[in-house]
Amino acid sequence: MERIFPNLYRFSDGPRGPAEKMSYTYLLVHEEGNLLVRHWGLSSVFDFLDEIDDLGGIDRQFIAHDHDAKRGDLHDRLYERFGCKLNYHEAERKAVRAKTKCPVQEFGDDGLQLDSDFQAHYFPGHTKGMSIFTWRDQGNCFLFPSHVIRIPSDQWIIDFDPELAPHLHEQFTELTHIHMDYLIPGASAGGREPVHHFTEGTRATLSAGMNSILNTE
């Protein structure tokens, strides 16, 4: 468990395979209730339950899509310890419920706004109910895109198909206007730095890439 920003902690799992892939789960700490953003792979969260308790526990678990749901009792054990339901887009229901029976809170295409700082955004493409998350804390905006928005070298890779929900074009376009400060991914490989600090250039090229997919001038 590593504190990477004042109110953001990272749990690392791996490396695994020839690509030395790492998987990351994050604990977002704030007064309205702590949030766990979980990604694929085994989780080291259970090595730090007392430390999580000291930080205020976990109010909700979030997954970006069904691939991040862990088969077995991981989500149930977290719920039993902290009372934190599992949150995801309703289109992921069938696949998620095949993996876990943890109590859930689902959201729809409008996403989910928690207080004034955290938002789940519908981002279909990789899966029908894929979501990404933004969180504002201490003057910074953090983007949690799982693995559907990444910059492995000097060019963005964006896994997104807005034609799955053409009626939400305006909603998707609003994403391109968010001033992002840090990209906090679900995984990395080959020892690459897992946190991307946006520059004016990478912020602009991400917006341009999104607009190109949206066919927005």
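A brief structural summary.

Conventions used here
- For every chain, the first residue of its written sequence is number 1, and the numbers climb from 1 along that sequence.
- The predicted origin of the model limits local features to residues at a pLDDT of at least 70 and limits the giving and counting of side-chain atom pairs to 80 or more, whereas totals for whole chains, interfaces and linings rest on all residues.
- Excluding hydrogens and water, the side-chain values take into account all heavy atoms of the structure.
- In this text, helices come from DSSP runs of H or I with a minimum length of four residues, and strands from runs of E with a minimum of two, each type numbered from the N-terminal end.
- Each residue gets one of three labels from its accessible area relative to the maximum for its type: buried under 20%, exposed over 50%, partly exposed in between, using a 1.4 Å probe on protein chains only.
- A carboxyl oxygen of Asp or Glu within 4 Å of a side-chain nitrogen of Lys or Arg is what we treat as a salt bridge.
- It only takes one pair of heavy atoms within 4.5 Å for two residues to be counted as in contact.

A look at the environment of His177
Alright, step 1. Structurally, His177 can be placed in the loop between α4 (169–175) and β14 (182–183).
Alright, step 2. Judged by its relative accessible area of 64%, His177 is exposed.

A closer look at the pattern of salt bridges
Alright, step 1. Counted according to the given criterion, the structure contains four salt bridges.
Alright, step 2. The salt bridge involving Arg10 is made with Glu2; its shortest N-O contact spans 2.8 Å.
Alright, step 3. With a relative accessible area of 38%, Glu2 lands in the partly exposed category.
Alright, step 4. Across the pair Arg81 and Asp53 runs a salt bridge, and its minimum N-O distance is 2.6 Å. One end of the pair, Arg81, is in helix α2 (residues 74–82); the other, Asp53, is in helix α1 (residues 49–54), and 28 residues separate them in sequence.
Alright, step 5. Shared partners join several salt bridges into a network, and the residues in it are Asp50, Asp53 and Arg81.

Thoughts on the environment of Phe118
Alright, step 1. By the secondary structure assignment, Phe118 is in strand β9 (residues 118–122).
Alright, step 2. For the pair Phe118 and Trp135, spaced 17 residues apart in sequence, the C-alpha separation works out to 4.4 Å.
Alright, step 3. With residues up to four places along the chain from it excluded, the contact list for Phe118 reads Leu28, Leu35, Val37, Phe62, Leu112, Gln113, Phe133, Thr134 and Trp135.

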